[in-house]
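Structural features, examined
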Amino acid sequence: MHPALTSFVGRRDELVRLRGLLSANRLVTITGSGGAGKTRLAEELARGLTRSFGEVVAAYLADAVAASDVTEVVAAAVGLQNRGERPAQVQLVEYLGQRRLLLLLDNCEHVVGAAASLASDLLANCSGLVIVATGRQPLHVPGEQLFPLVGLPSDMAADLFVARARLAVPDLQVGAKAHEAIERTCSRLDGMPLAVELAAGQIRGLGIEDLVRRLDGRLADLSSPTTVGPARQRTLRQTLAWSHDLLSDGQRALWRRLAVFTGGFTLDAAEAVAGFPPIAPAAVADVLGELVDQSLVVLDPVSGRYRLLEVVRAYTGELLRGAGEQIVTEARLQAWLVALAGDVDAQWFGPDQAALADRLEAEIANLRSALEGCAASGAFADGLRLANAMCWYWLTRASLEEGVRWYRRLVGHCEDLALEARAHWRAGYVATIRLDFPSAHRFLDAALDLARSANDALDTAYATGLSGLLVLYEEPARAKEAQALCQQMVDAPAADTMCRQWGLIGYGLASLALGDLQECRRACTEGAAIGRETGELWGRELSLRFLGEAEWRDGRLDAAETTLLECVRLDRQLADLWHLGWATEALGWVAVDTGRLERGARLLGISAGVWARTGLSMGFPYRAWHDRALDTLRSRLGARRLDAELSFGRALARGDALAFILSESAPTAGATLLSSPLSERELEVVALVADGLGNRGIADKLFLSPRTVEKHVQHAMDKLGLDSRAEIAAWYARSGSGAERSRNT
């Protein structure tokens, strides 16, 4: 969930009533007008129910640009990376299954149809799922319990006003007379939390008396017959308009231009996109800080990203259109994202792959919005440049279905033949991995034709080699043909380093299918060496995994295990579940063959959990090898013990699973920890903070991004009332959890 950046004021009765409703209903929708505090209430509710549910997850549908994005946003929130050929919604239903989960679907109004369809499907098929939705209207799903939200009572609203005002003026003194004036003003604001917070944000520049007088004067306009719309909407709009009127020209310009960002933004992005007259790029940082101080922009100090609340973004979007700046600002955002895509693409085959994947993931909502804009406006060249960079995100972190869908919309419309060729072979590779062979054939056949027409020898080499990979995936009996096509990729005079490595990987896999372990070992060793020299992770992992499989099949079990463990370390850096599943599965076979039966069963359980999160299944001969390992375990351990060990592995949290695979000690929560307010994931992070690890070290251990780790650290400090990592370590030591962990590892 979004971090709680401010204290939660009021709404305690609402929290109690909502908990009661959730005990009897599986879908509760909090409705209300913009600014009523629906999201904050739902988040506070969810945080308080962490212990009651196995998992609590928030999916922010404001990041869904179109209805087709809803399932992708929810899948990403629950940790599903759909790699298979089945539709994402089908896979999501199966993945959630009978899990006990509280799912928050926030801001459903702009995609209400898709949100309702998904919620209905999930509730019908996932008996352990409970949904809290927020929006301006009901989902109209059978069994939906509505919870209309209105403004705060005037006394609570005044308390909120004072609490937020003291963020700007810490020593603010509010006497009885001033408090009465604030209550009257909050009453005129209908107690709408956002309106109250916006008003309080102006306290630094005006003072209480001046602020109340000016705001009351503006609110008098509410009675005007020309002011249309429901009363609470008029109240919020007038408050927003009043806040806007108090801004300088530069502040107004920046505020309205920020409306073009869909999924939040960084300072760099704001400078590049919104920094044009009357505000210079160099001035954006200071002005942005002023907008944050006035509660007009939200800053997440952990991630360093800014965002507008959706109701504010809708208002500033109107201002942007009214100023005649929408087209130019959207064009600047598209240009910035295309430049970002170019940087990612140019740097991908190098040492920064994990950081580049993080960067794409952080901007995914903006990137989706830009893709929609390119498709709608006919800017297909820019759309292909964006997709070609996002290809790496789809391959490592997200849904292959989304990648194929976007390529289908964008290819075939651009006059740049080389760009089209590059997009086609990447689309062909994504489709091949997804086992969508008809699409892969169409993409790769077109890629060859386009590359040859453009006299582009490099893209011709890629298309040729990937056609060989497609042959191998679709018809393993044609491995000799695939091997020859991949060798052409390696030998092509125009081949760059990545092209040669990919060709070696394909050649090695084809050799493995042919049973030529020596050739597989040679090709994959060369491919892994290229990866080490360049510092890249993706191709190195593939090379090592096929090498490890060859070593296993050749009976060189120690070498196989060493190689496969290196794969897992690479997968952890890249946060790549698909590769992790394969490496863990093969490590399970090695463990069984070396007589470590309990370890082997648990590894197969872990890999089964990973398969469930990717939607892929094993084909021949991997399924046969998997079944052989299970048969051995069943005969040696017995069916009941085997099932218990498989279940143990499958149930491990990601960090604990990685610690087990790599034989590292996993943090274990003791009794004192279990009585703390921290979630299981926060406990894991706290334990590693106490061990002295920084964000990157914790991220590596728990298979998270450093940005996510920092969020968990901040949440833990908020819940425990601590101010530093040193205080976290001291709290952890006082709890006795360090000793408890030592006894359990």
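Before reading on, note that the structure itself is shown above.
Attention here is on the structure that accompanies the text. (Residues numbered from 1 in each chain as written. Predicted model: local features only at pLDDT ≥ 70, side-chain atom pairs only at ≥ 80, totals over all residues. Heavy atoms only, no water.)

Notes on the overall build of the chain
Note the following rule: Each helix corresponds to a stretch of at least 4 residues labelled H or I by DSSP, and each strand to a stretch of at least 2 residues labelled E; elements are numbered beginning at the N terminus. Computation of the radius of gyration draws on C-alpha atoms, with the globule rule given as 2.2 Å multiplied by the number of residues to the power 0.38. Accessibility here uses a 1.4 Å probe with only protein chains present; expressed as a share of the type maximum, an area under 20% marks a residue as buried, one over 50% as exposed, and anything in between as partly exposed. Note on contacts: a residue pair is in contact if any heavy atoms of the two residues lie within 4.5 Å.
When its secondary structure is counted, the chain shows 39 helices and seven strands. Taking 2.2 N^0.38 as the reference for a compact globule, 745 residues should give roughly 27 Å; the C-alpha atoms of the chain span a radius of gyration of 28 Å, in line with that estimate. Looking at the 745 residues of the chain, the share that counts as buried comes to 58%. Within the chain, contacts between residues at least 6 apart in sequence are counted, and of these 73% link residues at least 24 apart.

Some remarks on the packing of helix H29 (residues 577–593) against helix H30 (residues 597–614)
Heads up, the condition is: Axis geometry follows a simple rule: fit a line to the C-alpha atoms, using only the stretch in contact for helices, then measure angles between N-to-C directions, giving values from 0 to 180 degrees. In this scheme, roughly parallel covers angles under 35 degrees and roughly antiparallel covers those over 145, while 65 to 115 is roughly perpendicular and the rest are oblique. In a left-handed crossing the near helix is turned counterclockwise from the far helix by less than a right angle, and in a right-handed crossing that turn is clockwise. Polar here means any residue outside two lists: the nonpolar Ala, Val, Leu, Ile, Met, Phe, Trp, Tyr, Cys and Pro, and the charged Asp, Glu, Lys and Arg; Gly therefore counts as polar.
It is at 8 Å that the axes of H29 and H30 come closest, and there the two elements cross at 160°. With respect to H30, the element H29 is oriented roughly antiparallel. Handedness of the crossing formed by H29 with H30: left-handed. Judged by residue contacts, Leu-577, Trp-578, Leu-580, Gly-581, Trp-582, Thr-584, Glu-585, Leu-587, Gly-588, Trp-589, Ala-591 and Val-592 of H29 engage Leu-597, Arg-599, Gly-600, Leu-603, Leu-604, Ile-606, Ser-607, Val-610, Trp-611, Arg-613 and Thr-614 from H30. Looking at the contact of H29 with H30 residue by residue, the class counts come to 14 nonpolar, six polar and three charged.

Topic: the environment of Ser-117
Tracing the backbone through its elements, the reader meets Ser-117 in helix H5 (residues 112–125). When the C-alpha atoms of Ser-117 and Asp-268 are compared, they prove to be 38 Å apart, with 151 residues separating the residues in sequence.

Observations concerning helix H8 (residues 193–200)
H8 sits mainly inside the fold: seven of its eight residues count as buried. Inspection of H8 places Pro-193, Leu-194, Ala-195, Val-196, Leu-198, Ala-199 and Ala-200 among the buried residues, and these make up the whole buried set.

Examining the environment of Val-287
With respect to the secondary-structure elements, Val-287 resides in helix H14 (residues 284–293). Distance from Val-287 to Trp-348, taken between C-alpha atoms, is 34 Å for residues 61 residues apart in sequence. Excluding anything up to four places from it in sequence, Val-287 contacts Gly-250, Gln-251, Leu-254 and Ile-279.

What to know about the packing of aromatic side chains
Note the following rule: Here the aromatic set is Phe, Tyr and Trp, taking the six-membered ring for Trp, and pairing holds for ring centres within 6.5 Å; pairs whose planes are under 30 degrees apart are stacked, those over 60 apart are edge-to-face, and all others are tilted. Lysine NZ or arginine CZ positioned within 6 Å of the ring centre and within 35 degrees of the ring normal marks a charge as sitting over the ring.
Counted under the stated rule, the structure contains 18 aromatic pairs. Judged by centre distance (4.2 Å) and plane angle (5°), the rings of Trp-425 and Tyr-462 are stacked. Of this pair, Trp-425 sits in helix H21 (residues 417–433) while Tyr-462 sits in helix H23 (residues 457–474), and the two are 37 residues apart along the sequence. Classification of Tyr-462 as buried rests on a relative accessible area of 2%. Seen in terms of ring centroids, Tyr-622 and Trp-625 are 5.3 Å apart; in terms of plane orientation they differ by 80°. Their pairing is edge-to-face. Of the two residues, Tyr-622 and Trp-625 are both situated in helix H31 (residues 622–637); the distance of three residues between them amounts to about one turn of the helix. For the pair Tyr-622 and Trp-625, a shared accessibility class is recorded, and that class is buried. Here the aromatic cluster, defined as three or more aromatic residues joined through ring pairs, consists of Trp-348, Trp-392, Trp-425, Tyr-429, Tyr-462 and Trp-502. Sitting over the face of the ring of Phe-660, Arg-599 holds its NZ or CZ atom 5.2 Å from the ring centroid.

Focus: the environment of Ala-341
Note on placement: Ala-341 falls in helix H16 (residues 326–347). What makes Ala-341 buried here is its relative accessible area of 3%. When the C-alpha atoms of Ala-341 and Trp-255 are compared, they prove to be 26 Å apart, with 86 residues separating the residues in sequence.

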